[in-house]
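Understanding the architecture of this molecule
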Amino acid sequence: MKTNAVRYAFLVLMVFILTMLISCSNSKSSEEKLEKIPRFVATDFEGKKFTDRDFSKVVGIISFVASWCGPCKVELKQINELAKKYDKLAVLAVTYEPAELMKPIVDSIGVIFPVARVDTSVFEAFGVDRVPARFLVKNGRILAKSFGAPIPQNAEFKKALITALSEKVSQK
């Protein structure tokens, strides 16, 4: 009787070990499970190009804004403050509008990060159907996204930002 119990215990232990080995070998890091940011090219008011690759080894915010959007002006001010506070934070605001509509707003706020024009297909690729919209990215993957109300009204986004900035960024 003891022999059967020992065999059963051994069998259960072996199944457990095999299960753990299989699950560990197939598991991806939590970061690998996150959605990659869509490919894009954006051009700022001076002609400098920015792409998705600029966000492959950094923590950053990509913000979608428009000149006609009142909350977008608040968004730009708040992200500007974040950019001043966190020098490790890469920030890019994008719009589908021409420079002559956005530049006066950007200049009046004193934005210290690039604001660039993208094709509306970039809005579609990110799933942006309203502005402001913001994406927190780390190592080219989306950690958090928020639509509508500016950052302070979205505690989860802000918490994810603080956490991401405190963690190491991939050097791969």
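Residues numbered from 1 in each chain as written. Predicted model: local features only at pLDDT ≥ 70, side-chain atom pairs only at ≥ 80, totals over all residues. Heavy atoms only, no water.

Moving on, we get to the side chain of E97. Positionally, E97 belongs in the loop between β4 (89-95) and α3 (99-109). Buried and unpaired, E97 has R117 as its nearest opposite-charge partner, separated by 8.3 Å. A polar side-chain atom of E97 sits 2.5 Å from the main-chain amide nitrogen of S67. Those residues within four positions of E97 in sequence are excluded, and the remaining contacts are A66, S67, W68, M102 and R117. (Helix = DSSP H or I, 4+ residues; strand = E, 2+ residues; numbered from the N terminus. Buried < 20%, exposed > 50% of the residue type's maximum accessible area, 1.4 Å probe, protein only. Lys, Arg positive; Asp, Glu negative; His and termini not counted. Salt bridge = Lys/Arg side-chain N within 4 Å of Asp/Glu carboxyl O. Polar contact = N/O pair within 3.5 Å; in protein donor to acceptor, adjacent residues only side chain to side chain. Contact = heavy atoms within 4.5 Å.)

So, on to unusual backbone geometry. Each neighbour pair has its own omega, and for V131 with P132 the value is -5 degrees, a cis peptide bond. By the secondary structure assignment, P132 is in the loop between α4 (120-126) and β6 (133-138). Its identity as a non-glycine residue notwithstanding, N139 has a phi of 55 degrees, on the positive side. With respect to the helices, strands and loops of the structure, N139 is situated in the loop between β6 and β7 (141-147). Note on N139: relative accessible area 13%, which makes it buried.

Bringing the environment of R117 into the picture now. When you line up the elements, R117 lands in strand β5 (residues 115-117). Here R117 falls in the partly exposed class, since its relative accessible area comes to 42%. A sequence separation of 20 residues divides R117 from E97, and the C-alpha atoms of the two residues are 6.6 Å apart. In this view, R117 contacts V41, A42, T43, T95, Y96, E97 and P98; residues no more than four positions away in its chain are not counted. There is a polar contact of 3.1 Å between the side chain of R117 and the backbone oxygen of Y96.

On to α3, then. Considered for burial, the residues of α3 that qualify are M102, I105, V106 and I109. Buried positions in α3, seen along its axis, are confined to an arc of 100 degrees and lie on one side of it. When the buried face of α3 is taken as reference, the exposed residues oriented beyond 90 degrees from it are E100 and S108. Lining the buried residues of α3 we find α2 (70-85), β4 and β5. (Arc of directions from axis to C-beta.)

Before going further, it helps to spend a moment on the pattern of salt bridges. In the structure shown here, the tally under the stated rule is 6 salt bridges. The salt bridge involving E75 is made with R134; its shortest N-O contact spans 2.7 Å. Of this pair, E75 sits in helix α2 while R134 sits in strand β6; the two residues are 59 residues apart in sequence, bridging distant segments of the chain. Across this residue pair, the class does not change: E75 and R134 are buried.

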